[in-house]
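Each chain is listed here by its residues.
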Amino acid sequence: QKEVEQDPGPLSVPEGAIVSLNCTYSNSAFQYFMWYRQYSRKGPELLMYTYSSGNKEDGRFTAQVDKSSKYISLFIRDSQPSDSATYLCAIMGYDYKLSFGAGTTVTVRA
Amino acid sequence: DGGITQSPKYLFRKEGQNVTLSCEQNLNHDAMYWYRQDPGQGLRLIYYSQIVNDFQKGDIAEGYSVSREKKESFPLTVTSAQKNPTAFYLCASNTLAGGQETQYFGPGTRLLVL
């Protein structure tokens, strides 16, 4: 079993829809939770970072962490064609090493 | 501009050849990492270094080597022992100061086998 599971999709939504992305993890020692966005043939860029259970908002993006269920989510409101990318969840333990999900490819149709 | 640079953008390797990928950062970050990305598999850790002149193997270190002679530089050598080197290679770095551990990535190097 992988440490971090993420549905690879692909996910296709119309412009303006809410995009919902999810990951589950197995190691309760994980302490930091991140979401990265990766455009084709580019390096990942950090979108959201949190370390506690609950919600964190940044513009159209909301990251949600439920440590009791070992479940993290990313929501994108009012999605735009420019949001079309691969979204990677990543979780860090106390050793500063990241464990990544496989990534979900999202397409927002104009 | 502060950031992480990787070169070259594309690299071609002949069978039996060693090749070196460059990673430089001017963010004064303590730790640096090398990942390999294959389609549908996410990122896998090859090597990482948290201090100059010290580094540790990640999950898939076989066939790779690294050095960390300077804080800002962490080159990766793909040796001839790596039988399936075609992949997208990503370098990352972070500070180890409390509350700022997020990793930032370079633009990547795509390695292809001739």
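Preceding block: the structure.
Engineer: Hey, could you go over the pattern of salt bridges for me, with residue numbers and the actual values?
Structural biologist: Residues and elements named next belong to chain B. In this structure the tally under the stated criterion is six salt bridges over all chains. With a shortest N-O distance of 3.7 Å, Asp30 and Lys71 are connected by a salt bridge. You can see Asp30 sitting in the loop between strand 3 (19–25) and strand 4 (31–37) and its partner Lys71 sitting in the loop between strand 7 (64–66) and strand 8 (76–78), a full 41 residues away along the chain. The exposure class of Asp30 is partly exposed, given its relative accessible area of 26%. Of the residues examined, Lys71 reaches a relative accessible area of 28% and is grouped as partly exposed. Each member of the salt-bridge network shares a partner with another, and the members are Arg36, Asp38 and Arg44.

Engineer: Describe the environment of Leu88 of chain A, naming the residues involved and giving the relevant values.
Structural biologist: Residues and elements named next belong to chain A. As for its placement among the helices and strands, Leu88 is situated in strand 9 (residues 85–92). Judged by its relative accessible area of 0%, Leu88 is buried. Separated by 71 residues in sequence, Leu88 and Ala17 have C-alpha atoms that sit 20 Å apart.

So, how was this worked out
- Residues numbered from 1 in each chain as written.
- Chains lettered and ligands numbered in written order.
- Predicted model: local features only at pLDDT ≥ 70, side-chain atom pairs only at ≥ 80, totals over all residues.
- Heavy atoms only, no water.
- Salt bridge = Lys/Arg side-chain N within 4 Å of Asp/Glu carboxyl O.
- Helix = DSSP H or I, 4+ residues; strand = E, 2+ residues; numbered from the N terminus.
- Buried < 20%, exposed > 50% of the residue type's maximum accessible area, 1.4 Å probe, protein only.

No statement about biological role is implied by the geometric values presented.
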